[in-house]
Amino acid sequence: MATSLFFVIRSEVAVAGGDEAATQYNFQELPIAMPPGYDSQHMNTVRAVNPSYQKIRSWISSVGASIAINDLTGHGIADGMCIVDTRTNQVVVTYTPTARKADQFTPFVLNAAPLPMDDTMAPTGCTPGDFNGDGRMDLLVTYWGRTPILFMANSNATSPSATSYTPREVVPAQSIDGKYHGPKWNTDAAYVGDLDGSGHPSIVIGNYFPDSDVLDPQGLNNVQMNNSLSSAKNAGGDHVLRWVKSSTGAAPDAEFVEEPDAIPFDASTGWTLAIAGADLTGEGLPTLYIANDFGHAHLLYNRSTPGHISFTEAVGQRTATTPKSFVLGKGSFKGMGVDFADINHNGRFDMMVSNITEAWGLEESNFLWVNQAKDNADMRHQLQNGVAPFTQQAQQKGLAWTGWGWDTKMADFLNNGNLEVLQADGFVKGTINRWPWLQEMAMTNDDLLSNPMMWPNVQPGDDIAGSDKLAFYAKTSSGTYANINKQLGLAVPTPTRAIATGDTTGTGVLDFAVARQWGPPAFYANKSPNTGHYLNLNLYRPSSDSDPGMGLSNIGTPAYGATVQVTTPTGTQISQLDGGSGHGGFRSFDVHFGLGDYSGPATVDVRWRDNNGQLREASQQLQPGSHSLLLSGNIQEVPSR
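- Under an unreviewed UniProt entry, the name given to the protein is ASPIC/UnbV domain-containing protein, and the source organism is Kitasatospora kifunensis.

Listed below in C-alpha cells is the structure:
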C-alpha cells in the first residue's frame, strides 16, 4: 500500500516534456567579484542568538540572505548588485560578472557609521531605489535588531564606493551615547512603491519576530515563537512608512512618517516573509499581497490619497469544492514568497506564492492565484466590496510542489512571451534528518507553540529540507510547467533564499542571481541559443536634481508604479516597474517583454503617476529593442545611456 501511494504521489507531481523544454535554455554560472580580501575572513555558519533560542538556533539562523540587480552607476544598464551575505553579516555592493568595463568598480561593504550598530543586529535585505528623486540609486537595508537604514547616493560621488553614500535612519532616532535605542524590528520583507499616488516612493516593512532581543546572547527573555501553525498573529507585523520630504546634494536625506492605521490591525500582525504589489485596477495605486508564515495571507486594496495611505482587505470566495486554504486570505499554509506577473498572457496580473511543499514532510501547495476579473473596472468593483477574484491553479499548471519554498520570480528568459518561474528552496542543511521531530511538533497544541522551549531541537548538524534545490519551471509543449533545474545545472543542494533578475548586458536577454543561506551567492548568465525579439523599457520621471547627469545620476528617477501593456498580433501582456518586492530578492527596474518571432511595431500603453501625483495614460507604437522613456505630462523617448 505504501509503495502504491508513493508512485501515485510521484505521478501527480511529475510533468512530461521537461527534457524537451530544457533544450531551449543555457545558463552559465560566472564568478561574482567580492571586496578585496573578502573570502579570507571568517565565514559563519550559524548565528549567535538569545539564550531562549539556543536549542533552535539553526532554525533562527535560517533567513537573511538577500540579492538585488539594478543600475547603480546611472549608466542605463542594470549591471550592479547588492548582496546580503549571512556568512559575514555584511552588505556587499558589486557589479555583475557581465558588467561592461565602464560600470566596474572596486566592490565594497556598506558602512552604517556614524549610525549606531552592534553585534546584536544583522542585515536581512538590500533594496535599491531612488528615495529623494535625484536620479541616483540609493540602497535601503533592513535588519534584525533595528529599524532600516537608507544609504543615499551623494551627488559628488563619481563611482560606487563605501564613501559614496550617506547613511540615514528611516525611522527617526537619536543617540547621545553612540548606542541604539530605537525599536528592535526583525525585518524579513520590504516593499517600495508609490503607495499614495503622490509621485514619491513609500515603504512597507514586514517584520517577523516581535520587537525583541532575537540576536542578543545576553538578551532579555523577551522572545517568543508563533502562537499557531495556521493562524499566528503575534508577530512584529507590518509597518507603512510614507514619504514626507527629501533633499539632494552631497549629504542627501529622505524623511518618512509611519501610518499606523494604513493596514487594518487584524491584517498587520502576521509573521511576514514577503510582500509584493501591482496596480490591479488601473487607478495607479498598488494593491498589496502580504505573505505570512504560519497562516493567513492578506490582499490589501489600496484606497490611498496623496498624503494619506489606507488599505482594506479583500478575500476570496469559497465554493462547495474549494479547500479552505485555496481561498485567498483564508489559507493556513506557510507563505514564504510572492510575485505579480501576467502568467496567462492576457493583460491581467496573477500571483505566484511559495509555500512549504515538502514531499513526506509538510506537503502543502504553492499558490498560483489566477486573475478572474473581466477587466480593471470589474476588479475595482470586487476589491471595493471586499472580494478577491482569484482562483488557485498551481496544480493544474504544474507549479504546486517544489520543497521548502522561499522567494519566487516570474520572467521571460527566452523572449518568447511565456514566463518561466524561479523559486528559491531549502531550509536547514545538516547531516541528521529532523523531519520526524518537526512533524511531531506540527501536532502540538497551539497554546504551547509560542514558548521556544516547546520546539524540537534544531542545531548545527540537524537537517530539515537542507538538500532542496533552486527550482526553474519552464512551460512545456502541453502548456503545463516542469522543473528543469537538473537539466540546466542549477540543482545545487544548498538552501537558497532570494532571486534577482535583470538585463545586465543591455542586449534584451535576462540573467539572474541567487542568494544562498550560509553559502556564496551565484550569478547565472543567460546563454540560451535562440531567444526571440523583445521590448525592454527604462521608465523615468524627471529628476529633482538641479544638475542631472553628474556622477551617479541617471536620465531621471524611476517611475514607481508605472504599468505597461503591450499588444501585438500574438496577444497582450502586462508588466510593471517593480520598485522592490518579494522575499529578499529584487529585480531590476527595466520593464521587459518577450515578443517571440514578431518583429513589427507593438502598441505600448503606459499608465503612470507624474511627479505631482496626477494619473496619466498614453499609447505609443514602439519597435522591438530597448527604449528609455521619460514620463511627465506625456511620453518622451530619450537616448539610452
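What about the overall build of the protein?
Working step 1: The helix and strand tally for the protein stands at 7 helices and 40 strands.
Working step 2: Here the C-alpha radius of gyration of the protein, 23 Å, is about what a compact globule of 641 residues would show, namely 26 Å.
Working step 3: Taken over the C-alpha atoms alone, the protein extends approximately 65 × 60 × 50 Å along its principal axes.
Working step 4: Sorting the 641 residues of the protein into buried and exposed places 63% on the buried side.
Working step 5: Here the analysis covers contacts within the protein between residues at least 6 apart in sequence; of these, 65% occur between residues at least 24 apart.
Working step 6: Element-wise, carbon and sulfur atoms account for 49% of the exposed surface of the protein, whose accessible area totals about 22600 Å².

Remarks on helix H4 (residues 376-384)
Because each turn of an α-helix spans 3.6 residues, side chains separated by three or four positions end up pointing in the same direction.
Working step 1: Every buried residue of H4 is accounted for by Asp378, Met379, Gln382 and Leu383. Seen along its axis, H4 keeps its buried residues to an arc of 125°; they face one direction.
Working step 2: Residues of H4 that are buried sit in contact with strand S15 (287-293), strand S16 (298-302), strand S17 (311-314), strand S20 (367-371) and strand S21 (390-392).
Working step 3: Capping the start of H4, aspartate 375 holds a side-chain oxygen 3.2 Å from the backbone nitrogen of alanine 377, two or three residues further along.
Working step 4: Just beyond H4, the residue with positive phi is glycine 386, at close to 80°.

Here we look at the UniProt feature "domain: ASPIC/UnbV" (unreviewed entry) in the protein
Working step 1: Feature annotation in UniProt places "domain: ASPIC/UnbV" (unreviewed entry) on residues 559-614, given in this structure's numbering.
Working step 2: Helix makes up 0% of residues 559-614 and strand 50%, with an end-to-end C-alpha separation of 13 Å.

With respect to the state of the cysteines
Think of a disulfide as a covalent bridge from one cysteine sulfur atom to another cysteine sulfur atom.
Working step 1: Using the criterion set out here, one finds 1 disulfide in the structure.
Working step 2: A disulfide bridge connects cysteine 82 with cysteine 126, and the sulfur atoms are separated by 1.9 Å. Around the S-S axis, the bridge from cysteine 82 to cysteine 126 shows a dihedral of about 90° and counts as right-handed. With cysteine 82 in strand S3 (residues 80-85) and cysteine 126 in strand S6 (residues 122-129), the pair connects residues that are 44 residues apart, well separated along the chain. Like cysteine 82, the residue cysteine 126 is buried in the burial classification.

Focus on the sheet that holds S20
Working step 1: Judged by pairing direction, the sheet is antiparallel, and its 4 strands sit side by side in the order S18-S19-S20-S21 without closing on themselves. Two strands bound the open sheet, and with one partner strand each, they are strand S18 (337-341) and S21. The sheet shows a mean angle of 20° between the axes of neighbouring strands, direction not considered.
Working step 2: Across 3 bridges, the pairing between S20 and S21 is antiparallel. Residue pairing for S21: valine 370 is matched across the bridge by threonine 391.

Quick look at the pairing of strand S2 (residues 66-70)
The two faces of the sheet receive side chains in turn, since in a regular strand these alternate between them.
Working step 1: In terms of residue burial, S2 counts as a mostly covered element, since 5 of its 5 residues are buried.
Working step 2: Side-chain alternation along S2 places Ser66, Ala68 and Asn70 on one buried face and Ile67 and Ile69 on a second face that is also buried.
Working step 3: Here S2 pairs with S3 via 5 bridges, running antiparallel. Bridged to isoleucine 69 within S3 is methionine 81.
Working step 4: Inspection of the sheet shows S2 paired to strand S35 (residues 585-586) by 2 bridges, in the parallel sense. Directly across from isoleucine 67, in S35, lies its bridge partner glycine 585.

Observations regarding the sheet that holds S15
Working step 1: An order of S14-S15-S16-S17 is seen for the 4 strands of this open sheet, with the pairing classed as antiparallel. Because the sheet does not close on itself, it has two edges, and the strands there are strand S14 (271-278) and S17. Within this sheet the neighbouring strands show an average axis-to-axis angle of 30°, counted without direction.

Points about the pairing of strand S7 (residues 138-144)
Working step 1: Within S7, 7 of the 7 residues are buried, leaving the element largely enclosed by the surrounding structure.
Working step 2: Of the two faces of S7, the one holding Asp138, Leu140, Thr142 and Trp144 and the one holding Leu139, Val141 and Tyr143 are both buried throughout.
Working step 3: Bridge analysis of S7 against strand S8 (residues 149-153) gives 3 bridges, and the strand direction is antiparallel. Residue pairing in the sheet places leucine 139 in a bridge with phenylalanine 151 of S8.

Quick word on unusual backbone geometry
Working step 1: At the junction of alanine 113 and proline 114, the peptide bond is cis and its omega measures out at 15° in the coordinates.
Working step 2: Mapped onto the elements, proline 114 comes out in the loop between strand S5 (108-109) and S6.
Working step 3: One non-glycine residue with positive phi stands out, namely asparagine 89, at about 55°.
Working step 4: Its location among the elements puts asparagine 89 in the loop between S3 and strand S4 (90-95).
Working step 5: Backbone geometry places tryptophan 360, a non-glycine residue, at a positive phi of 65°.
Working step 6: With respect to the element layout, tryptophan 360 can be found in the loop between strand S19 (350-354) and S20.
Working step 7: Take tryptophan 360: its relative accessible area is 44%, and that puts it in the partly exposed class.

Some remarks on the packing of aromatic side chains
Working step 1: Per the stated rule, a full pass over the model turns up 29 aromatic pairs.
Working step 2: Residues phenylalanine 326 and phenylalanine 367 carry aromatic rings whose centres are separated by 6.3 Å and whose planes lie at 90° to one another, so their mutual orientation is edge-to-face. Here the residue phenylalanine 326 occupies a position in the loop between S17 and S18, and phenylalanine 367 occupies one in strand S20, the gap between them amounting to 41 residues.
Working step 3: Judged by relative accessible area, which is 26%, phenylalanine 326 ranks as partly exposed.
Working step 4: An aromatic cluster of three or more residues is present, and its members are Tyr53, Trp59, Trp144, Tyr208, Phe209, Trp271, Phe294, Trp404, Trp406, Phe427, Trp435 and Trp455.
Working step 5: Geometry around tryptophan 144 places arginine 47 over its ring, the cationic atom sitting 6.0 Å from the centre.

Calculation criteria
Residues numbered from 1 in each chain as written. Predicted model: local features only at pLDDT ≥ 70, side-chain atom pairs only at ≥ 80, totals over all residues. Heavy atoms only, no water. Helix = DSSP H or I, 4+ residues; strand = E, 2+ residues; numbered from the N terminus. Rg over C-alpha atoms; globule rule 2.2 N^0.38 Å. Buried < 20%, exposed > 50% of the residue type's maximum accessible area, 1.4 Å probe, protein only. Contact = heavy atoms within 4.5 Å. Areas by Shrake-Rupley, 256 points an atom, 1.4 Å probe, with all protein chains shown as cover. Arc of directions from axis to C-beta. Polar contact = N/O pair within 3.5 Å; in protein donor to acceptor, adjacent residues only side chain to side chain. UniProt positions renumbered as here; feature names shortened; annotations may be inferred. Disulfide = S-S within 2.5 Å. Pairing = 2+ DSSP bridges. Axes fitted to C-alpha atoms, helices over the stretch in contact; angles between N-to-C directions. Phe/Tyr/Trp six-rings, centres within 6.5 Å; stacked < 30°, edge-to-face > 60°. Lys NZ or Arg CZ within 6 Å of the ring centre and 35° of its normal.

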